[in-house]
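For reference, the chains in residue letters:
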Protein chains: 2
Amino acid sequence: MRPRVRGFAAAGLHCGIKPSGDLDLALIASDCPAAAAGVFTRNRFPGAPVVLSRRRLRRGRAQVVVVNSGISNVAMGARGARDAERMAHVAADALEVADADVQVASTGVIGQPLPMPRIEAGIRQAASRLSTSGWTRAARAILTTDTRPKLSHAGTRSFDLLGITKGAGMVMPDLATMLGYLFTDLAVKPEFLREALVEAVEPTFNRLTIDGETSTSDTVTILANGRAGNRPLGPRSAGARDFRRTLADVCEDLTEKLAADAEGVSRIGEVIVSGARSDAAAEKMARRIANSVLVKTALFGADPNWGRIVQAAGAAGVPFRTEDFGIRIGGVEVMRGGGPFGGPAAHKRAERAVRAKRVVFEISIGRGRGRARMLTCDLGYGYVRINAEYTT
Amino acid sequence: MRPRVRGFAAAGLHCGIKPSGDLDLALIASDCPAAAAGVFTRNRFPGAPVVLSRRRLRRGRAQVVVVNSGISNVAMGARGARDAERMAHVAADALEVADADVQVASTGVIGQPLPMPRIEAGIRQAASRLSTSGWTRAARAILTTDTRPKLSHAGTRSFDLLGITKGAGMVMPDLATMLGYLFTDLAVKPEFLREALVEAVEPTFNRLTIDGETSTSDTVTILANGRAGNRPLGPRSAGARDFRRTLADVCEDLTEKLAADAEGVSRIGEVIVSGARSDAAAEKMARRIANSVLVKTALFGADPNWGRIVQAAGAAGVPFRTEDFGIRIGGVEVMRGGGPFGGPAAHKRAERAVRAKRVVFEISIGRGRGRARMLTCDLGYGYVRINAEYTT
């Protein structure tokens with residue numbers, strides 16, 4: 001696949017941050033200013049690039065994205081703000097765009113200063129290598145502990161939409177250490193672009209949890225450069241529905257790829273809570289179950305341990321009647337009416353079901369219409385190894 | 001040590017629940033009815049013994065405690081309630097006390113039925129073996145995945161106070177899978193007994209987190225049988241202060257023992273947040289840091305990774321100015337004014353400090369007077385092994 005989006009070009013290279021020699025600098029540029037929108041971490045100690053990028057996006061416009069991986073730019077005081085500005089400035093200078101049109105991100109270890117001379121030289125070099133076939137290298141250059149470049153492309157006859165993402169650990173409901181960049185050649189009004197982005201992120205990136213952490217650098221940004229030549233889309237435009245659906249599809253696909261490539265993951269869990277009094281209540285419980293370390297270690301051990309689901313569900317702070325509580329694991333009903341169901345035969349079938357690469361946990365807690373879904377993953381030796389033996 | 005408390009006797013034996021042959025039934029009895037109080041899990045799916053014991057304690061009175069380990073009694077529907085009543089009844093019958101004066105607990109795997117014939121025979125046998133030197137066996141008989149019996153004894157010339165506890169995983173702020181039983185020969189008015197218990201539990205058991213889970217069976221109960229012959233203590237009695245201090249000491253000691261014997265633990269972390277606007281805000285942040293899987297895996301890896309503390313602190317939802325933020329690890333200042341501090345020399349010293357068995361993390365977030373402390377532990381291969389390969 002050679003995905004393309006009219007007017008956009010990308011590059012990825014090794015500028016000298018990662019000791020492994022892996023790619024660590026990504027540059028993506030539109031050949032004209034684009035409408036832009038972004039959602040950022042809710043962490044109260046955001047990295048300097050988040051502070052800068054968020055501020056600049058208030059204008060609803062951007063043209064260039066520059067990202068380094070290997071070292072993040074968080075908690076570095078005044079120096080951090082200067083470095084983020086400088087990265088943007090060097091990219092703007094090399095590509096002859098306004099500083100304010102550059103979005104910046106840095107992801108990796110917290111607490112080490114960025115090697116600015118290398119990064120600056122890398123940005124200049126990347127600017128000279130921008131290409132419509134550079135997407136995979138760009139996607140590779142934003143990775144940290146994840147292992148595979150994650151791209152998704154979709155479109156219709158009239159437009160394209162392409163996204164790249166990195167995730168690994170710390171991915172959590174509040175958009176934790178996740179970078180996602182989306183590019184389309186549609187013309188979209190900035191307010192609608194923002195609305196559509198929030199709508200697409202909520203049931204996808206925001207419903208994935210790896211370890212319940214919330215990173216300081218999370219960013220999902222979309223640029224729409226208008227090269228498709230359409231009249232700028234608003235919420236009631238003819239093409240709005242196609243755009244929304246395509247954006248949702250790409251975010252969903254990227255989220256699945258994030259989950260599959262999370263730190264040390266061997267198995268994905270899909271937690272669906274239904275019968276709650278409201279969607280918000282269902283979401284609260286699904287989130288608690290998806291974040292439960294005990295549920296996640298049981299998933300790693302392929303143990304259909306519904307007792308741990310009961311425990312996590314009860315700890316969510318969501319009211320329910322215990323006699324309405326039921327659980328299916330991989331379609332097998334193991335609990336009904338607040339007690340075990342199906343006997344040893346059901347347990348045996350659940351044991352087989354939980355050995356799959358993807359396991360669906362359905363928790364039904366009453367007769368309400370509230371419903372929510374969360375994606376989670378197992379927690380095993382691999383996660384511990386990565387996080388205990390590697391400074392992330 | 002042969003701890004004693006006048007009027008109390010204890011027994012522990014193997015009744016046939018644990019396949020290992022380890023002790024799995026504990027019985028403790030006073031020779032007269034005692035004032036009693038308890039605090040229980042806030043999980044919304046409490047086990048049947050919790051429902052029964054909580055209801056019975058409303059009278060402020062108990063005489064006997066019976067606990068089995070190996071299998072819990074949670075989510076078993078109507079059968080669960082019957083089994084809990086039955087355990088209490090058999091103990092009451094064997095010891096010739098009223099059913100209502102028996103407290104019950106079951107801890108272990110969720111979702112298997114209790115083997116009642118074995119448990120009933122075990123209770124009758126235990127009743128015939130009650131002894132003032134049975135405490136260690138009783139403490140051993142309530143264990144699940146923890147490895148050592150945990151007792152604490154304190155007192156003055158005029159009274160004794162003895163506690164036993166089990167913990168291991170799922171110990172968390174809201175009193176998760178923790179059983180704690182405290183016995184004193186003082187006479188204490190029931191209302192004051194409850195007040196003193198809540199006061200003692202809050203800064204001790206409630207400030208310990210192993211994995212952020214909240215069990216369905218947590219129970220801390222105190223019995224005061226009055227055999228010391230004092231006039232029943234109220235909050236303003238002469239002996240109230242001694243009693244309060246002794247109770248706090250025993251709870252503190254038991255909490256330390258719980259932390260040290262948590263599942264797969266190799267290192268304890270003490271998280272102290274100061275400078276917050278209120279104690280509640282400090283506690284919220286300390287709890288978030290103490291529960292952070294990334295902080296806990298870094299502790300396991302002996303990595304003085306203050307970036308992860310920054311991340312967890314920022315995710316707590318507590319407002320602060322980033323430029324006021326500072327961190328000390330094992331007394332070494334590694335962050336000040338929102339940025340790194342002390343350079344490579346401090347980092348080296350912090351690396352040494354974090355290799356200790358117990359590491360203090362001091363996080364200062366401003367000039368407020370709010371302050372809180374949480375006890376946590378590392379998360380390593382041992383935790384994963386226990387929880388992935390063993391159905392708990």
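Heads up: the structure comes first, above all this text.
Parameters at a glance
- Residues numbered from 1 in each chain as written.
- Chains lettered and ligands numbered in written order.
- Predicted model: local features only at pLDDT ≥ 70, side-chain atom pairs only at ≥ 80, totals over all residues.
- Heavy atoms only, no water.
- Helix = DSSP H or I, 4+ residues; strand = E, 2+ residues; numbered from the N terminus.
- Rg over C-alpha atoms; globule rule 2.2 N^0.38 Å.
- Buried < 20%, exposed > 50% of the residue type's maximum accessible area, 1.4 Å probe, protein only.
- Pairing = 2+ DSSP bridges.
- Contact = heavy atoms within 4.5 Å.
- Axes fitted to C-alpha atoms, helices over the stretch in contact; angles between N-to-C directions.
- Disulfide = S-S within 2.5 Å.
- Parallel < 35°, antiparallel > 145°, perpendicular 65-115°, else oblique.
- Left-handed = near helix turned anticlockwise from the far one by under 90°.
- Nonpolar A, V, L, I, M, F, W, Y, C, P; charged D, E, K, R; others polar.
- Salt bridge = Lys/Arg side-chain N within 4 Å of Asp/Glu carboxyl O.
- Phe/Tyr/Trp six-rings, centres within 6.5 Å; stacked < 30°, edge-to-face > 60°.

> Explanation requested: the overall build of chain A in the structure shown.
Counting its secondary structure elements, chain A contains eleven helices and 14 strands. For chain A, the C-alpha radius of gyration of 22 Å lies close to 21 Å, the compact-globule estimate for 392 residues. Its C-alpha atoms give chain A principal-axis dimensions of about 70 × 50 × 40 Å. Counting every position in chain A, which comprises 392 residues, the buried fraction comes to 62%.

> Would you explain the sheet that holds strand β10 (residues 326-329) of chain A in this entry?
Hydrogen bonding along the main chain pairs the strands of a sheet, whether they run parallel or antiparallel. Residues and elements named next belong to chain A. The sheet built from six strands is open, its strands ordered β12-β11-β10-β13-β9-β14 with mixed pairing. Only two strands of the sheet have a single partner each, and these edge strands are β12 (339-340) and β14 (370-377). Where helix α7 (residues 279-291) meets the sheet, its contacts fall on β9 (268-276), β13 (358-364) and β14, and the angle it forms with β14 comes to roughly 20 degrees. Helix α8 (residues 293-300) rests against β9, β13 and β14 of the sheet, and its axis sits at about 60 degrees to β14.

> Could you clarify how one ought to interpret the pairing of strand β9 (residues 268-276) of chain B in this entry?
Within a regular strand, the side chains alternate between the two sheet faces. Residues and elements named next belong to chain B. Most of β9 is tucked away: eight of the nine residues are buried. Direction of pairing for β9 relative to strand β13 (residues 358-364): parallel, over a ladder of seven bridges. Residue pairing in the sheet places Val-273 in a bridge with Ile-363 of β13. The sheet contact formed by β9 and strand β14 (residues 370-377) spans eight bridges and is antiparallel. Each bridged residue has a counterpart across the sheet, and for Gly-269 the counterpart in β14 is Thr-376.

> Looking at this model, I keep getting lost on unusual backbone geometry. Mind explaining?
As a rule of thumb, non-glycine residues mostly have phi less than zero, and peptide bonds are mostly trans rather than cis. Residue and element names in this part refer to chain A. Positive phi is not limited to glycine here, since Glu-96 has a value of about 55 degrees. By the element assignment, Glu-96 lies in the loop between α2 (77-95) and β4 (102-109). In this structure Glu-96 comes out as exposed when scored by relative accessible area, which is 75%.

> Explain the pairing of strand β10 (residues 326-329) of chain B to me, please; I cannot follow it from the model alone.
All names here are of chain B. Pairing analysis gives four bridges linking β10 to β13, with the strands arranged antiparallel. For Arg-328, the partnering residue across the bridge sits in β13 and is Glu-362. The pairing of β10 with strand β11 (residues 332-336) spans three bridges and is classified as antiparallel. Each residue of the ladder has a partner; that of Arg-328, found in β11, is Glu-333. Once β10 ends, the chain turns through two residues before running back antiparallel as β11, passing Gly-330 with a positive phi of about 55 degrees.

> Would you explain the environment of Leu-379 of chain A in this entry?
Among the secondary structure elements, Leu-379 of chain A is positioned in the loop between β14 and α11 (381-389). Put simply, Leu-379 of chain A and Gln-63 of chain A are 316 residues apart on the chain and 39 Å apart in space, counted from C-alpha to C-alpha.

> How do you make sense of the state of the cysteines when you look at a structure like this?
The bond known as a disulfide is covalent and runs between the sulfur atoms of two cysteines. Applying the stated criterion across every chain, the model contains zero disulfides over all chains. We note that Cys-377 of chain A lacks a disulfide partner, and the nearest cysteine sulfur, in Cys-251 of chain A, lies 19 Å from it.

> Help me out: how do you make sense of the sheet that holds strand β12 (residues 339-340) of chain B in this one?
All names here are of chain B. The six strands lie next to each other as β12-β11-β10-β13-β9-β14, forming an open sheet whose pairing is mixed. The sheet is open, and its two borders are formed by β12 and β14, each paired with just one other strand. Inspection of the sheet shows β11 paired to β12 by two bridges, in the antiparallel sense. Bridging across to β12, Arg-336 finds its partner in Gly-339. Sheet strands in contact with helix α6 (residues 240-260) are β9, β13 and β14, and its direction is about 45 degrees off that of β14. Against the sheet, helix α10 (residues 343-353) makes contact with β10, β11 and β13, and its axis sits at roughly 125 degrees relative to β11, the strand it touches most.

> Help me understand the packing of α8 of chain A against helix α9 (residues 306-314) of chain A in this model?
Two numbers describe a pair of packed helices, the interaxial angle and the distance between the axes. Residue and element names in this part refer to chain A. At a minimum axis distance of 9 Å, the contact between α8 and α9 shows a crossing angle of 160 degrees. Between α8 and α9, the crossing angle belongs to the class labelled roughly antiparallel. Seen along the crossing, α8 lies across α9 with a hand that is left-handed. On α9, the residues touching Leu-294, Val-295, Thr-297 and Ala-298 of α8 are Arg-308, Ile-309, Gln-311 and Ala-312. By residue class, the composition of the contact of α8 with α9 is five nonpolar, two polar and one charged.

> Sorry, what's going on with the pattern of salt bridges here?
Between side chains of opposite charge, pairing is possible as soon as their charged atoms come close. Residue and element names in this part refer to chain B. Taken as a whole, this structure holds 54 salt bridges over all chains when the rule is applied. In this structure, Asp-185 and Arg-6 form a salt bridge, with 3.0 Å as the shortest nitrogen-oxygen distance. Remark: Arg-6 occurs in the segment before β1 (8-13) and Asp-185 occurs in the loop between β7 (179-184) and α5 (190-201); sequence separation between them is 179 residues. Exposure remark for Asp-185: the relative accessible area of 0% places this residue in the buried category. On the basis of relative accessibility, which here comes to 39%, the residue Arg-6 falls in the partly exposed class.

> Is there a simple way to think about the packing of α7 of chain A against α9 of chain A in this case?
Residue and element names in this part refer to chain A. Interhelical geometry of α7 versus α9 gives an angle of 130 degrees and a closest axis separation of 8 Å. The angle between α7 and α9 places the two elements in the oblique class. Here α7 and α9 pass one another in a crossing that is right-handed. Counted together, Met-285, Arg-288 and Ile-289 of α7 and Ile-309, Ala-312 and Ala-313 of α9 form the full contact between these two elements. In the contact of α7 with α9, the residues fall into five nonpolar, no polar and one charged.

> What exactly am I supposed to notice about the packing of aromatic side chains here?
Geometrically, a pair of aromatic rings is defined through the distance of the ring centres and the angle of the planes. Residues and elements named next belong to chain A. For the structure on display, the rule yields twelve aromatic pairs over all chains. Their ring planes at 65 degrees and their centres at 6.0 Å tell us that Phe-192 and Phe-243 sit as a pair that is edge-to-face. Placement of the pair is Phe-192 in helix α5 (residues 190-201) and Phe-243 in helix α6 (residues 240-260), with a sequence separation of 51 residues. The exposure class of Phe-192 is buried, given its relative accessible area of 2%. Members of the aromatic cluster, connected to one another through ring pairs, are Phe-8, Trp-135 and Phe-183.

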